[in-house]
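One-letter residues, chain by chain:
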Amino acid sequence: MVLALTVCGIVVALVVLGLFVFGLRRRLIQRSGGTFDCSLRWDVPEKTDTSGKGWSYGVARYNSDRVEWYRVFSYAYRPRRVLERSSIEVAGRRLPEGEEELALLSDAIILTCLHRGTRLELAMSEDALTGFLAWLEAAPPGQRVNVA
């Protein structure tokens, strides 16, 4: 009985510690400001896929001339993807369809982009989308930025 209570106590402590580390990691990422909730689907086929597969929920952070994207459910402090402003080409935007509506946040708008030849989709709120497009267009003089 004592052994079972000890094991249960250890399991509960580990779960609480894991949740604390998730929260602490997110706080550290957001500490410098310029963050927004953003789901990402990498290496998307040309034909629109509305199955909802491949989406990863994350947090994006503006950092000078790039956007760093972090997975929410990860302990890594380094970004999973880094998108340079000069390499992002916006191909279009759309609303979630079919099963995507269940896989994404309720107010998400999907932005289709090309980054160094890789097709990707970003899903974010309308406010975050406005800020993202403004950030893209605010590139320093001489940088090529294509916004559809």
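Structure: see above.
Residues numbered from 1 in each chain as written. Predicted model: local features only at pLDDT ≥ 70, side-chain atom pairs only at ≥ 80, totals over all residues. Heavy atoms only, no water.

Chemist: Quick question: what am I supposed to make of the nonpolar core here?
Modeler: Here is a general trend for soluble globular proteins: nonpolar side chains tend to be buried in one another's company. Counting residues in hydrophobic clusters, the biggest one holds 21 residues, and the most contacted among them are Leu122, Met124 and Phe132. Mapped by element, the contributors of at least two residues to this core are strand 1 (35-42), strand 3 (66-71), strand 5 (88-94), strand 6 (109-115), strand 7 (118-124) and helix 3 (126-137). A total of 6 residues in this core trace back to one element, the largest contributor, which is helix 3. Met124 has contacts with Phe36, Asp37, Cys38, Asp107, Ala108, Ile109, Leu129 and Phe132, leaving out every residue within four places of it along the chain. With 5 residues, the next largest nonpolar core counts Trp55, Leu104, Ile110 and Ala123 among its residues. (Core = buried A, V, L, I, M, F, W, Y, C linked by side-chain atoms within 4.5 Å. Buried < 20%, exposed > 50% of the residue type's maximum accessible area, 1.4 Å probe, protein only. Helix = DSSP H or I, 4+ residues; strand = E, 2+ residues; numbered from the N terminus. Contact = heavy atoms within 4.5 Å.)

Chemist: Where do I start with unusual backbone geometry in this structure?
Modeler: For Asp43, which is not a glycine, the phi torsion comes out positive at approximately 55°. Taking relative accessible area as the criterion, Asp43 reaches 58% and is therefore assigned exposed. Not every positive phi belongs to a glycine, and Ser64 is a case in point at roughly 60°. Secondary-structure assignment places Ser64 in the loop between strand 2 (56-63) and strand 3.

Chemist: Can you walk me through a nonpolar patch on the surface in this structure?
Modeler: Taken together, the side chains of Ile10, Leu14, Leu17, Phe20, Val21, Leu24 and Tyr75 present a nonpolar region at the surface, about 700 Å² in accessible area. As for its placement among the helices and strands, Val21 is situated in helix 1 (residues 2-30). Val21 sits in the partly exposed class, given a relative accessible area of 31%. (Patch = residues over 30% accessible without salt bridge, like charges linked within 9 Å, V, L, I, M, F, W, Y side chains within 5 Å. Areas by Shrake-Rupley, 256 points an atom, 1.4 Å probe, with all protein chains shown as cover. Salt bridge = Lys/Arg side-chain N within 4 Å of Asp/Glu carboxyl O.)

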